[in-house]
Amino acid sequence: MVNPEGVNQKFRTIAGRKILFDRDDFLWNVEDWTQDVAQVLAEELGIETLTESQWQVIRFMREYFLYHGRAPLNRDLKAGIGMSLMELEALFPGGIRDGARRVAGLPNPKSCAG
């Protein structure tokens, strides 16, 4: 499916719900995210079960996004979670940008540039 702006989109069924994704498998709408969706996306990254530390990062990223209207910068994430950037990057395959952000249901960082 292609929207009027020419951005590739596709529907996938996850946890019994039809959800719209972009071409890089990021949620199109932040509101479509649920914990069940997060678990499926994590499994696709090779994470069998999300740990409490991973859930902490996911919750922080979502709360920050919903409050500020943008994803947290790395410095915001480090301060909010109390971990080093290396520790945060190691929690998710793909790191913060392509791992944590995708599982948290935030927009594709490519679509937020400029």
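In the block above lies the structure referred to throughout.
So, here is what we can say about the structure in this document.

What counts, and where the lines are drawn
- Residues numbered from 1 in each chain as written.
- Predicted model: local features only at pLDDT ≥ 70, side-chain atom pairs only at ≥ 80, totals over all residues.
- Heavy atoms only, no water.
- Core = buried A, V, L, I, M, F, W, Y, C linked by side-chain atoms within 4.5 Å.
- Buried < 20%, exposed > 50% of the residue type's maximum accessible area, 1.4 Å probe, protein only.
- Helix = DSSP H or I, 4+ residues; strand = E, 2+ residues; numbered from the N terminus.
- Contact = heavy atoms within 4.5 Å.
- 1 Å grid on protein atoms, 1.4 Å probe; cavity = no way out; pocket = protein on both sides within 12 Å on 5 of 7 lines; lining within 4 Å.
- Points joined across faces, edges and corners; volume = space filled by probe spheres on them.
- Nonpolar A, V, L, I, M, F, W, Y, C, P; charged D, E, K, R; others polar.

## Details of the nonpolar core
Inference 1: Counting residues in hydrophobic clusters, the biggest one holds 31 residues, and the most contacted among them are Leu-50, Val-57, Ile-58, Met-61, Leu-77, Leu-88 and Phe-92.
Inference 2: Where this core is concerned, the elements lending two or more residues are strand S2 (17-22), helix H1 (35-44), helix H2 (52-68), helix H3 (74-81), helix H4 (85-91) and helix H5 (95-103).
Inference 3: In terms of residues, this core owes the most to one element, H2, which gives seven residues.
Inference 4: In this structure, Ile-58 is in contact with Trp-33, Leu-50, Phe-92, Val-103 and Ala-104, ignoring residues within four places of it in sequence.

## Here's the deal with the layout of surface pockets
Inference 1: In this model, the largest pocket occupies a volume close to 160 Å³.
Inference 2: Looking at which element gives the most residues to the lining of the largest pocket, the answer is H5, with three residues.
Inference 3: Of the residues in the lining of the largest pocket, the class split is five nonpolar, one polar and two charged.

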